[in-house]
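# Close look at the chain arrangement
The primary structure of each chain is shown beneath.
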Amino acid sequence: MKKSTQEFQNRQILKSDTFEIFYYRDEKPKSVSVHHHDFYEIYLFLGGQVSYRVEGKTYCLEVGDLLLINPEEMHQPYVTSGVAYERIVLWINRNFLDKICLDGVNLKACFENKLDNRIHPESSTATRLIELMKKLTQEYYSDNFGGATYSTGLFYQIMVEVNRLAQRGDKFRKQEKPDLITKVVAYINQNYAEPITLDNLAKEFFVSKYYLSHEFTRYYGTSVYKYIILKRLLIAKEKIAEGIPIGEVCKLCGFGDYTTFFRAFKAEYGINPRQFANSLIE
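Keep in mind it's a predicted model, so treat the numbers as computed, not measured.

Cut-offs applied
- Residues numbered from 1 in each chain as written.
- Predicted model: local features only at pLDDT ≥ 70, side-chain atom pairs only at ≥ 80, totals over all residues.
- Heavy atoms only, no water.
- Helix = DSSP H or I, 4+ residues; strand = E, 2+ residues; numbered from the N terminus.
- Buried < 20%, exposed > 50% of the residue type's maximum accessible area, 1.4 Å probe, protein only.
- Contact = heavy atoms within 4.5 Å.
- pLDDT = per-residue confidence, 0-100.
- Axes fitted to C-alpha atoms, helices over the stretch in contact; angles between N-to-C directions.
- Parallel < 35°, antiparallel > 145°, perpendicular 65-115°, else oblique.
- Nonpolar A, V, L, I, M, F, W, Y, C, P; charged D, E, K, R; others polar.
- Phe/Tyr/Trp six-rings, centres within 6.5 Å; stacked < 30°, edge-to-face > 60°.
- Lys NZ or Arg CZ within 6 Å of the ring centre and 35° of its normal.
- Pairing = 2+ DSSP bridges.
- Core = buried A, V, L, I, M, F, W, Y, C linked by side-chain atoms within 4.5 Å.
- Salt bridge = Lys/Arg side-chain N within 4 Å of Asp/Glu carboxyl O.

Next up on the list: the environment of Pro-29. Among the secondary structure elements, Pro-29 is positioned in the loop between β1 (19-26) and β2 (40-47). The class of Pro-29 is partly exposed, set by a relative accessible area of 22%. In contact with Pro-29, not counting residues within four places along its chain, are Val-79, Val-83 and Tyr-85.

Written out as structure tokens, the structure reads:
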């Protein structure tokens, strides 16, 4: 391996048809906006002072913590400056994971059936996973004989280990108490197809709209309105991928008219809904 770590980049597109892995260590971490992507992610925290927000929940991370993030989940790290931020991020192609779930071994279960996004392993297990993830990174970027084959074997081992941890239940998880923003995000997730405004959210949760707007922006770094649009677009992409007609997707995802949907989709993804649908069959 030429370098022990990779230079951080803000891209959120998986270029591989299998998986990609990145070992990042930033002395001056860059900010990352709330986002989602079309692949599974396993995030291993190795150092720094970080709170990670996933779908309204906040996780104050400890070394060895794992975050399991599926394509439907909005997420964002908040990093304290002045402390080196170190982590390993494993991105997994959805189709690839589907293909290797054979003989009753569902390696997607850790993403699909999780009670929480964070797994907090006991120290010996965390140490073993850190060693496996570092070894996978080394082999992935090396020119050694059989590096790709070795990497694939390590990937399988990691996926089995993570799924075993996920199946063990809450004794390995630390859950934070739900707060206002957690409840608001849950409400948006359940009612995205309906008209949602700052006014009706404020009434639903018995707070002023100014307080809610301030807290949400402070928490996510974006407005309530922008978050709702991002959530609707995320779900719209999923429904288009399922083969649902675009006009129907527009209505199912809470957009008032197709023009609004068209413009929002293109502004976020750089292509319009029809182009996205066509890209899935090319």
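Turning our attention to the confidence of the model for the protein. With 95% of its residues at a pLDDT of at least 70, the protein reaches an overall mean of 88. Note that pLDDT drops below 50 for residues 170-177; the model gives that stretch 21 contacts with residues more than four away or on any other chain.

Residue placement: Lys-108 occurs in the loop between α1 (94-99) and α2 (109-112). In this structure Lys-108 comes out as buried when scored by relative accessible area, which is 16%. Ignoring any residue separated from it by four or fewer positions in sequence, one finds Lys-108 in contact with Tyr-40, Leu-97, Asp-98 and Cys-101.

For the pair helix α8 (residues 224-241) and helix α10 (residues 258-269), interaxial distance at closest approach is 10 Å and the crossing angle is 90°. When the axes of α8 and α10 are compared, the pair comes out roughly perpendicular. On α10, the residues that touch Lys-226, Ile-229, Leu-230, Leu-233, Leu-234, Ala-236, Lys-237 and Ile-240 of α8 are Phe-261, Ala-264, Phe-265, Glu-268 and Tyr-269. Residue classes in the contact of α8 with α10 are distributed as 10 nonpolar, no polar and three charged.

With that settled, the discussion passes to the packing of aromatic side chains. Counted under the stated rule, the structure contains 19 aromatic pairs. With centroids separated by 5.0 Å and ring planes inclined at 65°, the aromatic side chains of Phe-22 and Trp-91 adopt a geometry described as edge-to-face. Of this pair, Phe-22 sits in strand β1 while Trp-91 sits in strand β7 (residues 85-92), and the two are 69 residues apart along the sequence. An aromatic cluster is built from Phe-255, Tyr-258, Phe-261, Phe-262, Phe-265, Tyr-269 and Phe-276, whose rings are joined through pairwise contacts. Over the ring of Tyr-78 we find Arg-53, and its NZ or CZ is 3.7 Å from the ring centre. Cation over ring: Lys-237 sits above Tyr-269, and NZ or CZ is 4.2 Å from the ring centre.

In terms of residue burial, β7 counts as a mostly covered element, since eight of its eight residues are buried. Side chains Tyr-85, Arg-87, Val-89 and Trp-91 project from β7 onto one buried face, and the interleaved Glu-86, Ile-88, Leu-90 and Ile-92 project onto a second face that is buried too. Relative to β7, β1 runs antiparallel, the two sharing eight bridges. By the bridge assignment for β7, Phe-19 is matched with Ile-92. As defined by bridge partners, β2 adjoins β7 across seven bridges and the pair is classed as antiparallel. Bridging across to β7, Gly-47 finds its partner in Glu-86.

With 34 residues, the main nonpolar core has Phe-216, Tyr-220, Tyr-227, Ile-240, Phe-255 and Phe-261 as its most contacted residues. Listing elements by their share of this core, those giving two or more residues are α5 (180-191), α7 (209-220), α8, α9 (246-252), α10 and α11 (273-279). Among the elements that make up this core, the one with the highest residue count is α8 (10 residues). The residues touching Tyr-227, leaving out its near neighbours within four places in the chain, are Val-34, Glu-55, Met-74, Val-185, Ile-188, Phe-216, Tyr-220 and Thr-222. Counting 31 residues, the second-largest nonpolar core is a separate cluster that includes Leu-66, Phe-111, Met-159 and Leu-165.

Let us now look at the sheet that holds β1. Here five strands make up an open sheet; going across it, the order is β1-β7-β2-β5-β8 and the pairing antiparallel. Two strands in the sheet have a free side with no partner beyond their single neighbour: β1 and β8 (118-119). Relative to strand β5 (residues 66-69), β2 runs antiparallel, the two sharing four bridges. Considered in β5, the bridge of Tyr-43 is made with Leu-67.

For the rest of this paragraph, the subject is the pattern of salt bridges. Scanning the entire structure with this criterion turns up 16 salt bridges. Measuring nitrogen to oxygen at the nearest pair gives 2.8 Å for the salt bridge that ties Glu-55 to Lys-231. Linking Glu-55 in the loop between β3 (50-54) and β4 (57-60) with Lys-231 in helix α8, this pair joins segments that are 176 residues apart in sequence. Among the salt bridges present, the one from Arg-128 reaches Glu-161, with a minimum N-O distance of 3.0 Å. Taken as a pair, Arg-128 in helix α3 (residues 123-140) and Glu-161 in helix α4 (residues 147-167) lie far apart in primary sequence, 33 residues in all. Among the residues examined, Arg-128 registers a relative accessible area of 33% and is labelled partly exposed.

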